[in-house]
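Understanding the architecture of this molecule
Residue strings, one per chain:
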Amino acid sequence: MSGVPWGGSEELWWRTARRLQSAGHQICVNFKWWPEPAKQLQKLADDGAEIFYRDRPPIKDWWTWLRTLSQNLSPNKDLQNKWTEVARPDVVLVTLGYHPDRVLIADECHRQGIPYAINVQSASSFFFLHGDTLDQYRKWYRNAKRVYFVSAENQHKLETNLAIDLPNAEIIENPFNVDPQRQPIWPSTQNGYRLACVGRIHFQSKGQDLIVDVMRRDRWRNRPLEIVFYGKDQGNLRQLKDLIVRYNLGDRLKIAGFEEDMTEVWNQCHGLLLPSRYEGAALVIVEAMLSGRLAITTDTGRNAEFIRDGESGFIAPAATSDLLDEALERAWQVRDQWQTLGQLAAKRIRQCYSEDPVGAFADKLVQLPQI
């Protein structure tokens, strides 16, 4: 990742690293430098991991230099692509938050004979690689031992972008952040219904603007339905607030900020509304279903694989206002069945999602050098 210090795309590699550490493996991490490093990196370091920061600005004072040394982070590791010569890893995993990200370390791994894998956490049709870069990207992906995707849809999108097949591709799963044994209470519907939109406030990916566009329509203004936005700002919170004011929707649309305890979210909400324009595999869909909540969402990532439209949730064929309106209308017409649909969703997701994605991925990485 390069836009923020931490995000959902980092959870799989981080938890896998923790699991491998507990099994006796030595971990080293190459991560973008931030003024306030993510606490997850410190947890790895506390257990013996070596952290190599890249893109660090020049160290200008002795105090910072001494503090860097005290953290066992030599100023010489700030990084060129030569960190692999220092760490001498047996295998390298490169995690990409978005498919256009460059895999520069792949060239160094190939030169040194280090097996590497690429994990693509998200791909979309909104960005296509320029023809002049194709040879470079194709080389990175073809030389990888494995290319891990979190959905077959994302694999197809990247193969279309590269205009090649990837026989080294494999589908994996991300870890979820709810306790499947801890079921939330079903909120009262006496004063109406409440849906949660959970995700970073980022219109291009999560489509919160579409919710505003739907809810400003006449038929929704007079219905007892409230939408609550949960998530950190990633560039569009100001627009979201201003749109709510512009259309006088303050009694229908609420902004709650980031909530770490998802069980508390589902204690207050009857379902999930997520009009994503693109996804890798939206974990909030998995978490909502595990928590017994139906999801109203779009056909992207693994959503259509997880949700049986009309039975355990509702799917809009694409992220447009009219199609979202239609899917929400179908859901509204059976609102008295939302609890039952949520129970079916909980059963469905347990049939098609791994109980231990981290353990499964850790095993794959350990076996990678032998492939």
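The structure under discussion appears in the preceding block.
Anyway, here's the lowdown on the structure attached to this text.

Reading guide: rules and limits
Residues numbered from 1 in each chain as written. Predicted model: local features only at pLDDT ≥ 70, side-chain atom pairs only at ≥ 80, totals over all residues. Heavy atoms only, no water. Helix = DSSP H or I, 4+ residues; strand = E, 2+ residues; numbered from the N terminus. Contact = heavy atoms within 4.5 Å. Areas by Shrake-Rupley, 256 points an atom, 1.4 Å probe, with all protein chains shown as cover. Lys, Arg positive; Asp, Glu negative; His and termini not counted. Charge placed at Lys NZ, Arg CZ, Asp CG, Glu CD. Buried < 20%, exposed > 50% of the residue type's maximum accessible area, 1.4 Å probe, protein only. Polar contact = N/O pair within 3.5 Å; in protein donor to acceptor, adjacent residues only side chain to side chain. Pairing = 2+ DSSP bridges. Axes fitted to C-alpha atoms, helices over the stretch in contact; angles between N-to-C directions. Salt bridge = Lys/Arg side-chain N within 4 Å of Asp/Glu carboxyl O. Parallel < 35°, antiparallel > 145°, perpendicular 65-115°, else oblique. Nonpolar A, V, L, I, M, F, W, Y, C, P; charged D, E, K, R; others polar.

Observations concerning the overall build of the protein chain
- Counting its regular elements, the protein chain contains 17 helices and 12 strands.
- By sequence separation, contacts in the protein chain at least 24 residues apart represent 70% of the contacts at least 6 residues apart.
- Looking at the protein chain as shown, the accessible area adds up to about 17800 Å², and 47% of this sits on carbon and sulfur atoms.
- Across the protein chain, the centroid of the 46 positively charged side chains sits 1 Å from that of the 47 negatively charged ones.

Observations concerning the side chain of Asn154
- Checked against the element boundaries, Asn154 lands in helix H7 (residues 152-162).
- Taking relative accessible area as the criterion, Asn154 reaches 0% and is therefore assigned buried.
- Reaching out from Asn154, the side chain makes a polar contact with the side chain of Glu153 at a distance of 3.0 Å.
- Of note is the side chain of Asn154, whose polar atom sits 2.9 Å from the backbone oxygen of Glu279.
- Aside from chain neighbours lying at most four places away, what touches Asn154 is Gln121, Ser122, Ala123, Phe149, Glu279 and Gly280.

Let's talk about the sheet that holds strand E8 (residues 225-230)
- Ordered by their spatial adjacency, six strands build an open sheet running E9-E8-E7-E10-E11-E12, and the pairing between neighbours is parallel. The open sheet has two edge strands with one neighbour each: strand E9 (253-257) and strand E12 (313-316). With strand direction ignored, the average angle separating the axes of adjacent strands in the sheet is 20 degrees.
- As defined by bridge partners, strand E11 (residues 294-298) adjoins E12 across four bridges and the pair is classed as parallel. Across the sheet, residue Ala295 finds its bridge partner in E12, namely Gly313.
- Packed onto the sheet, helix H13 (residues 283-290) meets strand E7 (193-198), strand E10 (271-274) and E11 and runs at close to 165 degrees relative to E10.
- Sheet contacts for helix H15 (residues 321-333): E7, E8, E10, E11 and E12; angle to E12, the most-contacted strand, approximately 165 degrees.

Structural notes on the pattern of salt bridges
- Taken as a whole and assessed by the stated rule, the structure comprises 24 salt bridges.
- Ionic pairing is found between Glu85 and Arg111, a salt bridge with its closest N-O pair at 2.8 Å. With Glu85 in helix H4 (residues 83-87) and Arg111 in helix H5 (residues 105-112), this residue pair connects regions lying 26 residues apart in the sequence.
- Among the ionic pairs, Lys206 bridges to Glu279, the shortest N-O distance being 2.7 Å. Taken together, the residues span a long stretch of sequence, with Lys206 in helix H8 (residues 203-206) and Glu279 in the loop between E10 and H13 at a distance of 73 residues.
- Among the ionic contacts, a cluster of salt bridges with common partners joins Arg217, Arg219, Arg223, Asp322, Asp325 and Glu329.

Here we look at the side chain of Thr297
- If you trace the backbone, Thr297 turns up in strand E11.
- Apart from the residues within four sequence positions on either side, Thr297 is in contact with Leu274, Ile285, Asn303, Ile307, Phe314, Ile315 and Ala316.

Section: the packing of helix H1 (residues 11-22) against helix H17 (residues 357-367)
- Contact geometry of H1 with H17 gives a least axis separation of 9 Å together with a crossing angle of 70 degrees. With respect to H17, the axis of H1 lies roughly perpendicular. Between H1, through Leu12, Arg15, Thr16, Arg19 and Leu20, and H17, the contact on the second element is made entirely by Val358, Gly359, Phe361, Ala362, Leu365 and Val366.
- In the contact of H1 with H17, the residues fall into seven nonpolar, two polar and two charged.

Some details on the sheet that holds strand E6 (residues 169-171)
- One open sheet accounts for four strands, arranged E3-E4-E5-E6; its pairing is parallel. With partners counted over all chains shown, the strands left at the sheet margins are strand E3 (92-96) and E6, one partner each. Adjacent strand axes in the sheet meet at a mean angle of 25 degrees when their direction is disregarded.
- Across the sheet, helix H6 (residues 134-142) touches E3, strand E4 (116-120) and strand E5 (146-149), and the angle it forms with E4 is around 115 degrees.

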